[in-house]
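Descriptive structure summary
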Amino acid sequence: MTSDKEETSFKLRVYAITRMIPRGKVATYGQVATLAGSAGAARACGHVLRHSAGEGLPWQRVINAQGRISGGGDVHRPLLQRQLLEAEGVVFRRSGSCDMKVYGWEGPCQRLKWE
DNA sequence: CTGATGACGGTGC
DNA sequence: GGCACCGCCATCA
């Protein structure tokens, strides 16, 4: 492993970051984009995450900055996401949003190698 | 290379 | 708190 040419792709970085999100915590697309090395690419993160469905990634822990769940056309996606998060300890308010101040992931707490 | 799209983010009303 | 517009970046045709 080590190297060389894999994690150099934005898509691969998003995969790695999404996998390092601790259980019971949630990260925003912007957060993942920033950690991936491209701040502001929140939209691009959505593209990657959308394609990641089925890749064995905890995509459910990745939500928007509003603490809300997106779904993009599908109806089972946001519903399933909320169930998975609740199963991990995340509580959603009546508005359908979660408290990012409590469940918001602060980051890997360590320097990423691609930084 | 250009254009269009998209699971976003922020600001303004 | 909700809705609307613009801007951001990456991927696909």
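Note that the structure is a prediction, hence the values are computed from the model and not measured. Think of each chain on its own: its residues are numbered from 1, step by step along the sequence as written. Chains and ligands are labelled by the order in which they are written, letters from A for the one and numbers from 1 for the other. The model is predicted, so local features are restricted to residues of pLDDT at least 70 and side-chain atom pairs to those at 80 or more, both for listing and for counting; the totals for chains, interfaces and linings are taken over all residues. Neither water nor hydrogens contribute to the side-chain values; these are computed over all heavy atoms in the structure.

1. Some details on the overall build of chain A
Put simply, the test is: Helix and strand definitions follow DSSP, with helices as H or I runs of at least four residues and strands as E runs of at least two, each counted in order from the N terminus. Categorising residues by exposure relies on relative accessible area from a 1.4 Å probe, with only protein chains included: less than 20% of the type maximum marks a residue as buried, more than 50% marks it as exposed, and the intermediate range marks it as partly exposed. Contacts were defined at the residue level, with two residues in contact if any of their heavy atoms lie within 4.5 Å. Computed with a 1.4 Å probe, the accessible areas rest on the Shrake-Rupley method; for each residue, only the protein chains presented here act as cover.
Each helix and strand counted, chain A has five helices and two strands in total. Put simply, chain A runs from its N terminus to its C terminus through helices and strands in the order α-β-α-α-β-α-α. Seen along its three principal axes, the alpha-carbon backbone of chain A occupies a region of about 45 × 30 × 25 Å. Within the span of chain A, comprising 115 residues, buried residues form 37% of the whole. Of all intrachain contacts in chain A linking residues separated by at least 6 positions in sequence, the fraction that spans at least 24 positions is 64%. Carbon and sulfur atoms make up 49% of the accessible area of chain A, which amounts to about 7200 Å² in all.

2. Quick look at the nonpolar core
Stated formally: Only buried residues count toward a nonpolar core. Its members are Ala, Val, Leu, Ile, Met, Phe, Trp, Tyr and Cys residues joined through side-chain atoms within 4.5 Å.
Counting residues in each nonpolar core, the largest one holds 19 residues, and the members touching the most others are Val14, Ile17, Val32, Cys45, Leu49, Val62 and Trp105. Of all elements in the fold, only α1 (10–19), α2 (29–36) and α3 (42–52) reach the threshold of two or more residues within this core. Considering every element that reaches this core, the biggest residue donor is α2, with five residues. Ignoring any residue separated from it by four or fewer positions in sequence, one finds Trp105 in contact with Ile17, Met20, Ile21, Pro22, Lys25, Val26, Ala27, Gln31 and Leu35. Of all hydrophobic cores here, the second largest spans eight residues; its members include Leu85, Val90, Phe92 and Cys98.

3. Focus: the pattern of salt bridges
What counts is decided by this rule: Every case where a carboxyl oxygen of Asp or Glu lies within 4 Å of a side-chain nitrogen of Lys or Arg is listed as a salt bridge.
In the structure shown here, the tally under the stated rule is two salt bridges. For Glu88, the salt bridge identified is with Arg61, shortest N-O distance 2.8 Å. With a gap of 27 residues between them, Glu88 in helix α4 (residues 76–88) and Arg61 in the loop between α3 and β2 (62–63) connect regions that are remote in the sequence. On the basis of relative accessible area, Glu88 is assigned to the buried category, the value being 13%. Judged by relative accessible area, Arg61 falls into the buried class, the value being 11%. Measuring nitrogen to oxygen at the nearest pair gives 3.4 Å for the salt bridge that ties Arg82 to Glu86. Remark: Glu86 and Arg82 occur in helix α4; sequence separation between them is four residues, near one turn of the helix.

4. A few points about the protein's contact with DNA strand B
Our working rule: If a single non-hydrogen atom of a residue is within 4 Å of a molecule or strand, that residue counts as near it. Within 3.5 Å is the distance limit for a polar contact, defined as a pair of N or O atoms, with the added protein rule that one can donate a hydrogen and the other accept it, and that residues adjacent in sequence qualify only through two side-chain atoms.
Around DNA strand B sit 16 residues, and of these Tyr29, Arg43, His47, Arg50 and Ala65 come closest. Restricting the count to atoms of DNA strand B within 4 Å of the protein gives a sugar and phosphate share of 47%. Within the backbone of Arg50, a nitrogen or oxygen atom sits 3.1 Å from a base nitrogen of DNA strand B. At a separation of 2.9 Å, a phosphate oxygen of DNA strand B approaches a polar side-chain atom of Ser70.

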